[in-house]
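# Coordinates in review
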Amino acid sequence: MILPTTYLSALLLIFFTMLCWGSWANTLKLAGKQWRFELYYFDYAFGVLLTAVVAAFTFGSLGDGINFLDNLMITGYRQIAYGFLAGVVFNLANLLLVAAIAVAGLAVAFPIGIGLALVVGVVWSYSLNPQGNPVLLFAGAALVLGAIVVDAVAYRSHAAAGRRAEQPAGKKAAAQRKSGAKGIILSLACGLLMGSFYPLVEMSKAGELGLGPYAVGFVFALGVFLSTFPFNLVFMNVPVEGPPLRFIEYFRGKIPAHLLGIAGGVIWCAGTLANFAAASAPQEVQVGPAISYAVGQGATMVSALWGVLLWKEFKGASGGVTALLLLMFVLFVAGLGLISVAPLYAGR
């Protein structure tokens, strides 16, 4: 299989992950103009599986070391189960994320949901495979947690200002307040689950018979694809907004809408496989799973920037809300910075 051979190449793969994880949701926003996220998600899951299969039979079957098929044949059932479970857990978290995006937008769902996932993931990953300076790691996680709180406050303040400006009455005002709270709750639920999938990936790779990055990517993608049907059918019948959907509506979608969903899955999975490969590099050039996951979660800022600058999700925000958004970015970047340099000060 093909893996990075230098620390720089491993780090570049992680930054590639950051761009992919932070940008795939733009396809969701584009598709949202044509149909709802529940229908988009079937194509997204197929795009994830397609990318994992292609990568397994190319990057996972070339170069030195054990190839993808041999890895699957000799690995333990427990490791396969962990990899599959990681895909299932991620998938439920990601469905909650796209639901939060539909309700509250990119600039809210990603900082709150993925920010909380970063904190959970860093703590759990470090407990499984301690690499890097713990003081810097956990100080960085604390700053990210602060960024989550600031972003939630900014969102609630902006939503409240919008309600006051429009002066809606009665049920409309209550519905808008409920929608704002729903977006934050969905994001928090997403974060708690999302932070759990990466440690499960590490558990699937553990031991002499553990899965390699492309094998775990394939098993993970199977978990995503197969769990999409039961999970998404629940979202369709008990929607977070709008009326219930029938599955037949999926077949009425136009080709561009289907292609956007597949593209979203391809982009996300390409970034994920890059992350898995970077975390599986030789020990002497490895950045470590906790740091790998954390830097990849810089995607939160990439996505938040898309939401603020491209999709204008905080258009017309007051000076106070703008200041809170700037503070959120500063806290998040500072937290990521501490987490990123933690391996340079290991043992100090």
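Structural notes, computed from the coordinates. Because the structure is a prediction, the values reported are computed rather than measured. (Residues numbered from 1 in each chain as written. Predicted model: local features only at pLDDT ≥ 70, side-chain atom pairs only at ≥ 80, totals over all residues. Heavy atoms only, no water.)

## A closer look at the overall build of the chain
- Per the secondary structure count, the chain includes 13 helices and zero strands.
- For the chain, the succession of helices and strands along the chain, N to C, is α-α-α-α-α-α-α-α-α-α-α-α-α.
- Radius of gyration (C-alpha) of the chain: 20 Å, near the 20 Å computed for a compact globule of 348 residues.
- The principal-axis extent of the C-alpha atoms belonging to the chain is close to 65 × 55 × 30 Å. (Helix = DSSP H or I, 4+ residues; strand = E, 2+ residues; numbered from the N terminus. Rg over C-alpha atoms; globule rule 2.2 N^0.38 Å.)

## Here we look at the nonpolar core
- Of all hydrophobic cores here, the largest spans 69 residues; its most connected members are W24, L97, M194 and W268.
- What L97 contacts, discounting residues up to four positions off in sequence, is W24, A109, F110, I114, C190 and M194.
- Core analysis: the second largest hydrophobic core is formed by 32 residues, V108, I148, F329 and I339 among them. (Core = buried A, V, L, I, M, F, W, Y, C linked by side-chain atoms within 4.5 Å. Buried < 20%, exposed > 50% of the residue type's maximum accessible area, 1.4 Å probe, protein only. Contact = heavy atoms within 4.5 Å.)

## So, the packing of helix α3 (residues 37-56) against helix α5 (residues 77-104)
- One way to put it is that α3 packs onto α5 with a least axis distance of 10 Å and a crossing angle of 140 degrees. In terms of axis orientation, α3 runs oblique to α5. As α3 runs across α5, the sense of the crossing is right-handed. Between α3, through F37, Y41 and Y44, and α5, the contact on the second element is made entirely by F90, N91, N94, L95, V98, A99 and A102.
- When grouped by side-chain class, the residues that make up the contact of α3 with α5 number eight nonpolar, two polar and no charged. (Axes fitted to C-alpha atoms, helices over the stretch in contact; angles between N-to-C directions. Parallel < 35°, antiparallel > 145°, perpendicular 65-115°, else oblique. Left-handed = near helix turned anticlockwise from the far one by under 90°. Nonpolar A, V, L, I, M, F, W, Y, C, P; charged D, E, K, R; others polar.)

## A closer look at a nonpolar patch on the surface
- On the surface, F229, L233, F247, I248 and F251 cluster together into a nonpolar patch covering about 440 Å² of accessible area.
- Looking at where L233 falls in the secondary structure, it is placed in helix α9 (residues 213-237).
- The partly exposed category is assigned to L233, whose relative accessible area is 36%. (Patch = residues over 30% accessible without salt bridge, like charges linked within 9 Å, V, L, I, M, F, W, Y side chains within 5 Å. Areas by Shrake-Rupley, 256 points an atom, 1.4 Å probe, with all protein chains shown as cover. Salt bridge = Lys/Arg side-chain N within 4 Å of Asp/Glu carboxyl O.)

## Notes on the state of the cysteines
- A complete count under the given rule lists zero disulfides for this structure.
- Looking at C20, it has no disulfide partner, and the nearest cysteine sulfur is the one in C269, 9.9 Å off.
- Lacking any disulfide linkage, C190 is separated from the closest cysteine sulfur, that of C269, by 18 Å. (Disulfide = S-S within 2.5 Å.)

## Considering the environment of T228
- Assignment of secondary structure puts T228 in helix α9.
- Given a relative accessible area of 1%, T228 falls into the buried group.
- Taking the C-alpha atoms as reference points, T228 and P243, 15 residues apart in sequence, are found 20 Å from one another.
- Non-local contacts of T228, meaning those with residues more than four positions away in its chain, are made with Y41, F42, A45, N91 and L233.

## Some thoughts on the packing of aromatic side chains
- The tally for this structure, following the rule as stated, stands at 24 aromatic pairs.
- Consider the rings of F90 and F220, whose centres lie 5.6 Å apart with planes at 40 degrees: the pair is tilted. Placement of F90 in helix α5 and of F220 in helix α9 is noted, with a sequence separation of 130 residues between them.
- Accessibility expressed as a relative area gives 1% for F90, which makes it buried.
- Judged by its relative accessible area of 2%, F220 is buried.
- Arranged with centres 5.4 Å apart and planes meeting at 85 degrees, the rings of F247 and F251 form a pair that is edge-to-face.
- Judged by its relative accessible area of 33%, F247 falls in the partly exposed class.
- Among the residues examined, F251 registers a relative accessible area of 55% and is labelled exposed. (Phe/Tyr/Trp six-rings, centres within 6.5 Å; stacked < 30°, edge-to-face > 60°.)

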